[in-house]
Amino acid sequence: MGVLDELQEQVQGAARQIGPAVVGIGTRRALGSGVVVAAGKVLTNAHNVRGDAATVTFSDGRKETGTTEGVDVDGDIAVLSVDTGDITPVGWAQSVNPEPGTAVLALSNPGGRGLRVTFGLVSGTQRTFRGPRGRRITGSLEHTAPLLPGSSGGPVVDREGKLLGVNTNRLGEGFYLAIPADESLRTRVDALARGESPHRRHLGVGVAPAHVARGLRRAVGLPDAEGLLVRQVEEDSPAAAGGLQEGDLIVEVGGSAVTDFDALTDAMESQPDGAVDIRVLRGTDERHLSVNLGQE
């Protein structure tokens, strides 16, 4: 058997074996994919889910309304409960440490518009990208299997058809990132399936990065300072209740310097329950605000 014949057999075999477990998520504007990981449970990306329910389309065209059991927005994963019938769930790989050059297959069903199966290679590991709200997602698998828009949430599998990762981010230039299907993901998926969504500290502001803040301060004649510029304050948020205003420069949270978005999120997560001191510059005035960080 030649190389092309073997590759064709692998791709066709994956389509037959795993294809029924690959589903479409959403309709029209918000298109995504998902994968059956247990009887009655579909794993997808959090950014594919809107509210408490989502349309799930199976490979045979059957459409069902899935109920959102749990969502981890910052980890970009969600679990839906839906009638999966007699579909065999995808199996998890025993080890998720593929080396660069490892052959992989990516499957998707963008919004229920039909199964796609593509071939690629692992091009990198331990990659980092930003989740829907800007928090870091680390340890990602980078590969070259081509994906259409609406493929996020679909599985990346090895030659045996076992789950290696969940596609979630398009890098451009033919590279894609997947959340690795390691033991950590299994644990989080099990918790989400039980309805246990994680809750992280929430301030309720939109911020501009430090280099933008410096430029804007210089433009209005203010001295340079390191921090994040508040561009927006959400209504009824902890920030609004604590007195943060648009134009404030967040300099410290709980005594920890805030020089970039990661420093802000790390500082918030490290704070004990109760009010936290946030030091801001309002123009040239330094102010200390007491803010009770929320959970979301």
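Our subject is the structure that appears above.
Structural notes, computed from the coordinates. Values in this document were obtained by computation on a predicted structure and should not be read as measured data.

## Overview of the sheet that holds strand E11 (residues 163–172)
Stage number 1. Read around the closed barrel, the 6 strands follow the order E7-E8-E9-E12-E11-E10; overall the barrel is antiparallel. Adjacent strand axes in the sheet meet at a mean angle of 50° when their direction is disregarded.
Stage number 2. In terms of strand pairing, E11 meets strand E12 (residues 175–180) through 6 bridges, oriented antiparallel. Pairing of Val 166 across the sheet is with Ile 179, part of E12.
Stage number 3. Relative to strand E7 (residues 103–108), helix H1 (residues 3–18) is tilted by about 40°, and along the sheet it contacts E7, strand E8 (116–130) and strand E10 (155–157).

## Describing the environment of Val 23
Stage number 1. Within the fold, Val 23 resides in strand E1 (residues 22–25).
Stage number 2. Setting aside anything within four residues of it in sequence, one finds Val 23 in contact with Gly 32, Ser 33, Gly 34, Val 35, Val 36, Val 42, Val 56, Thr 57, Phe 58 and Asn 109.

## Some points on the sheet that holds strand E2 (residues 32–38)
Stage number 1. Pairing within the closed barrel is antiparallel, and its 6 strands lie in the order E1-E2-E3-E6-E5-E4. For this sheet, the mean inter-axis angle between neighbouring strands, taken without regard to orientation, is 40°.
Stage number 2. When E1 meets strand E4 (residues 53–57), the two strands line up antiparallel, connected through 2 bridges. Each bridged residue has a counterpart across the sheet, and for Ile 25 the counterpart in E4 is Val 56.

## Thoughts on the nonpolar core
Stage number 1. Core analysis: the largest hydrophobic core is formed by 20 residues, its most contacted members being Ile 18, Val 37, Leu 43, Trp 92, Leu 185 and Val 189.
Stage number 2. Of all elements in the fold, only H1, E2, strand E6 (77–81), E7, E11 and helix H2 (183–193) reach the threshold of two or more residues within this core.
Stage number 3. Looking at this core, the element that brings in the most residues is H2, giving 3 residues.
Stage number 4. Formed by 18 residues, the second largest nonpolar core is a distinct cluster that contains Val 205, Leu 264, Ala 267 and Val 276.

## Observations concerning the packing of aromatic side chains
Stage number 1. On inspection of all chains with the given rule, the structure shows 0 aromatic pairs.
Stage number 2. If you follow Arg 62 out to its NZ or CZ, it ends over the ring of Phe 58, 4.0 Å from the centre.

Reading the values: the criteria
Residues numbered from 1 in each chain as written. Predicted model: local features only at pLDDT ≥ 70, side-chain atom pairs only at ≥ 80, totals over all residues. Heavy atoms only, no water. Pairing = 2+ DSSP bridges. Helix = DSSP H or I, 4+ residues; strand = E, 2+ residues; numbered from the N terminus. Axes fitted to C-alpha atoms, helices over the stretch in contact; angles between N-to-C directions. Contact = heavy atoms within 4.5 Å. Core = buried A, V, L, I, M, F, W, Y, C linked by side-chain atoms within 4.5 Å. Buried < 20%, exposed > 50% of the residue type's maximum accessible area, 1.4 Å probe, protein only. Phe/Tyr/Trp six-rings, centres within 6.5 Å; stacked < 30°, edge-to-face > 60°. Lys NZ or Arg CZ within 6 Å of the ring centre and 35° of its normal.

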